[in-house]
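Now for the letters of each chain:
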Amino acid sequence: MALQDNIKLIIEEKNRIAKEVGRDTDEILLCAVTKTRTPEEINEAINCGITDICENKVQEILEKYDLIIPVRWHMVGHLQTNKVKYIIDKVALIHSVDSVRLAEEIDKRAAQLNITMDILIQVNPAMDEAKFGITIDETEAMLKWILNNCENIRIRGLMCIAPFAENPEDVSQYFREVKALYDEYSKIQHKNLDFKYISMGMSHDYKVAIKEGSTMIRIGTAIFGERNYNKQN
Ligand SMILES: *Cc1c(COP(=O)(O)O)cnc(C)c1O
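Residues numbered from 1 in each chain as written. Predicted model: local features only at pLDDT ≥ 70, side-chain atom pairs only at ≥ 80, totals over all residues. Heavy atoms only, no water.

Caption draft 1: Representation of the packing of aromatic side chains. A full pass over the atoms with the stated rule returns two aromatic pairs. Relative to Trp-73, the ring of Tyr-65 lies with its centre 5.3 Å away and its plane at 45 degrees, an arrangement referred to as tilted. Taking the ring centre of Tyr-65 as reference, the NZ or CZ of Lys-90 above it sits at 5.6 Å. (Phe/Tyr/Trp six-rings, centres within 6.5 Å; stacked < 30°, edge-to-face > 60°. Lys NZ or Arg CZ within 6 Å of the ring centre and 35° of its normal.)

Caption draft 2: Region of interest: the pairing of strand β1 (residues 29-33). The buried fraction of β1 amounts to four of the five residues, a majority that puts the element mostly inside the structure. When β1 meets strand β8 (residues 216-219), the two strands line up parallel, connected through four bridges. In the strand pairing of β8, Leu-30 is matched with Ile-217. Inspection of the sheet shows β1 paired to strand β2 (residues 52-55) by two bridges, in the parallel sense. Residue pairing in the sheet places Ala-32 in a bridge with Ile-53 of β2. Read from β1 through helix α2 (residues 39-47) to β2, the crossover connection turns out right-handed. (Buried < 20%, exposed > 50% of the residue type's maximum accessible area, 1.4 Å probe, protein only. Helix = DSSP H or I, 4+ residues; strand = E, 2+ residues; numbered from the N terminus. Pairing = 2+ DSSP bridges. Right-handed = clockwise from strand over helix to strand, strands pointing away.)

Listed below in structure tokens is the structure:
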């Protein structure tokens, strides 16, 4: 199927499920995950209406940045502190903040540029060993630490990657836990906290994520097809 058809199908599904659960589909942003994709493929997706693209490696952002039609870029992968400086002026949102050290570095670099950096805290509700992110129990302390120490960071919400499940309904409990945290913290009054995004849901589980309250779905395979990592190397 062509990219255009894939994107159309996802938008139709998003509309359908939002309606089914009584949500406004416009509050759910479709982000294209463009890792391993060529600039040509990415630009084609943008020409089909994609406004937000996600990468998980600093290197790929740097290689593609000048070749892509201007859109909002998102960093969704594990970010090493020594690489923050390369992307701080390129991405609109860093989804993967999972340590105080990383937050400190983002704050420092943002201050140097005199900007405020929007971030999400990455939570790992399944305590999945293979994934990054902090536990549900650690989240409040990190959030408060960032609010108390990082002038140049604005916390916009939470992100999670659910473990893979044959039946995506099986991970709905994790999405529900993240949504509950989100609702709790969104009540905090602080100038550097402005909750808007719950980034959860990928190709195989975005429908469940929308049902559970996601406002940002990150879709790669369902837009572009299976990734071929070898092609890159
Ligand atoms: C690759 C990736 C996605 C998209 O995964 P698909 O299954 O291809 O939709 C979403 N989020 C993150 C953090 C990723 O690394």
